[in-house]
Amino acid sequence: MADATRENRFTPDDHIDPLVTLMRARQLIHEAQAAIEEVSKSVVQQRTASAELPERELRLAKAEIEREELAQRLAEVEHQVGRLMTLYVATYQLHATLDPADVQSTIAEITINLLGAEQFALILRGEDSNVLRIRLKEGHINAAWAEGETYSGGDPLIDASLLDGILRFGPAEGSPVLVTVPLRVQDVTVGALVITKLFEHKEKLEEEDRELLDLLGAHAASALFASRVYARAARKLRTLEGLIKLVRKG
Amino acid sequence: MNAVKTRKVLVVEDSRLIHKMYEVMLRPCMLIAAHDGREGLARLGENPDVDVIILDINMPHMTGIEFLEQVKAKPEFASIPVVIVSTEGKEEDVARGLRAGAAAYLKKPFQREDLLKIIGRLVPAQAAP
């Protein structure tokens, strides 16, 4: 508005003339009105801003809480992803080979590296007999049954698990066992993985370890069973091939 | 936007299970596998641009500590950060590993997020050239 009336602006060189005075007065009134309008606009803006301030602070605090919750959930999801990866790798590796020795070695690797066991034994029923053989032993297990090559009973937890196929945690009287995992194939218990000691830095078996123990119970035995069947079939095949060669030569 | 440079990780570890674990956990890093210390040195010679080395302690032919000492003795490899991941978790084991030049020590069994945190700290993500 000031610019629009610039050409009518009063200057000291103007003659004192009522018309000029009137124009000057008019110009001053317009300028004053514009200034008042600007000030009132600014006052309204300031009032609105100060009225919104607590609301904005509230929204900011809420957003901060949501951010923290999301970060926490993200950490939980990351942790779950890690657990699932562990289970996936354990399953994958158990079934990655058809060599019984490799499957046994994988069971040992899972027990040591993923469960943190320092002392353990793998007891398996023989292929052609009902004898329970100690197929794998890691560390010095302080128990009479661990001295021989076969398991003929004596530990209450192992005996119970072999009988009913249920996973059991120690401690129990007369048993050094921390956990005994029955190995089952088609609802038949064919052996047990027995852990008697964890590494010092692994204080105890956690709830998460239970999933891995269950996985071993279900997959270790079937992987071993499949590899044994394959090995037996491969042996028979080799024998038959040998016989055929002999017959052809004769 | 610049693409993030893929980290190159040398894994020196005798367990096939743990190799598979790293392969799944450290995707999309480029992994170079070695199954003992000797093979680790050979792989490192072929790949001198690795960003980080993940190292086990108990391995056949050459232990992790022997491997680490040899790596730190070579000026061209001495600056590569080494993370020991081992079942050997006693205080003296950790101290021995760190004294030999490891940048971090993680005890097995380990959590994936702990390993990622350590690698992220030692090898910050870089923009691809």
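That block above? That's the structure.
Residues numbered from 1 in each chain as written. Chains lettered and ligands numbered in written order. Predicted model: local features only at pLDDT ≥ 70, side-chain atom pairs only at ≥ 80, totals over all residues.

**Details of the overall build of chain B**
(1) Moving on: Helix and strand counts for chain B come out as five helices and five strands.
(2) Moving on: Expected size for 129 residues packed as a compact globule is a radius of gyration near 14 Å; at 14 Å, chain B falls within 12% of this value.
(3) Moving on: Here the C-alpha coordinates of chain B stretch approximately 45 × 30 × 25 Å along the principal axes.
(4) Moving on: Across the 129 residues in chain B, those meeting the buried criterion constitute 40%.
(5) Moving on: When contacts within chain B are restricted to residue pairs at least 6 apart in sequence, long-range pairs at least 24 apart make up 57% of them. (Helix = DSSP H or I, 4+ residues; strand = E, 2+ residues; numbered from the N terminus. Rg over C-alpha atoms; globule rule 2.2 N^0.38 Å. Buried ≥ 20, exposed ≤ 12 C-beta atoms within 10 Å, placed from the backbone. Contact = placed C-beta atoms within 7 Å.)

**Describing unusual backbone geometry**
(1) Moving on: That bond from Gly170(A) to Pro171(A) is cis: its omega, 0°, falls within 30 degrees of zero.
(2) Moving on: Within the secondary structure layout, Pro171(A) lies in the loop between strand E4 (168-169) and strand E5 (179-185).
(3) Moving on: Not every positive phi belongs to a glycine, and Asp187(A) is a case in point at roughly 65°.
(4) Moving on: Take Asp187(A): it is sitting in the loop between E5 and strand E6 (188-198).
(5) Moving on: Despite not being glycine, His61(B) has its phi angle at roughly 70°, a positive value.
(6) Moving on: The residue His61(B) is located in the loop between strand E3 (52-55) and helix H3 (64-73) in this model.
(7) Moving on: Judged by the 13 C-beta atoms lying within 10 Å of it, His61(B) falls in the partly exposed class.

**Topic: the sheet that holds strand E1 (residues 117-125) of chain A**
Residues and elements named next belong to chain A.
(1) Moving on: An order of E3-E2-E1-E6-E5-E4 is seen for the six strands of this open sheet, with the pairing classed as antiparallel. Edge strands, defined here as strands with exactly one partner in the open sheet, are strand E3 (150-151) and E4.
(2) Moving on: Note: E1 against E6, seven bridges, orientation antiparallel. When the bridges of E6 are listed, Leu122 appears paired with Leu193.
(3) Moving on: Strands E5 and E6 of the sheet are contacted by helix H4 (residues 207-249), whose axis makes an angle of about 45° with E5. (Pairing = 2+ DSSP bridges. Axes fitted to C-alpha atoms, helices over the stretch in contact; angles between N-to-C directions.)

**Re the pairing of E5(A)**
Residues and elements named next belong to chain A.
(1) Moving on: Within E5, five of the seven residues are buried, which leaves the element mostly enclosed by the surrounding structure.
(2) Moving on: As judged from the seven bridges shared by E5 and E6, these two strands associate in the antiparallel manner. Considered in E6, the bridge of Val185 is made with Val188.
(3) Moving on: Counting the residues that bridge the hairpin from E5 to E6 gives two residues, and of these Gln186 lies at a positive phi of roughly 45°.

**Regarding the interface of chain A and chain B**
(1) Moving on: Contact residues are listed per partner, giving 20 residues for chain A and 17 residues for chain B.
(2) Moving on: Going through the elements one at a time, helix H1 (18-94) and helix H2 (100-114) of chain A are the ones with two or more residues in the side of chain A that touches chain B.
(3) Moving on: The element that contributes the greatest number of residues to the side of chain A that touches chain B is H1(A), accounting for eight residues.
(4) Moving on: Partitioned by chemical class, the residues of the side of chain A that touches chain B number nine nonpolar, seven polar and four charged. (Nonpolar A, V, L, I, M, F, W, Y, C, P; charged D, E, K, R; others polar.)

**Topic: the packing of H1(A) against H4(A)**
Residues and elements named next belong to chain A.
(1) Moving on: The contact between H1 and H4 brings their axes to 10 Å, and the two run at 15°. Considering their axes alone, H1 and H4 lie roughly parallel with respect to each other. Of the two possible hands of crossing, H1 and H4 adopt the one that is right-handed. Within the contact between the two elements, H1 uses Arg83, Thr86, Leu87, Ala90, Thr91 and Leu94 and H4 uses Glu208, Glu211, Leu212, Leu215, His219, Ala220 and Ala223.
(2) Moving on: Classifying every residue of the contact of H1 with H4 gives seven nonpolar, three polar and three charged. (Parallel < 35°, antiparallel > 145°, perpendicular 65-115°, else oblique. Left-handed = near helix turned anticlockwise from the far one by under 90°.)

**Quick notes on the nonpolar core**
(1) Moving on: Residues Leu193(A) and Val83(B) are the most contacted members of the largest nonpolar core, which totals 77 residues.
(2) Moving on: Residue contributions to this core peak at eight residues, all from H4(A).
(3) Moving on: Once you skip the residues sitting within four places of it in the chain, Val83(B) turns out to touch Val52(B), Ile54(B), Leu55(B), Ala102(B), Ala103(B), Ala104(B), Leu106(B) and Ile118(B). (Core = buried A, V, L, I, M, F, W, Y, C linked by C-beta atoms within 7 Å.)

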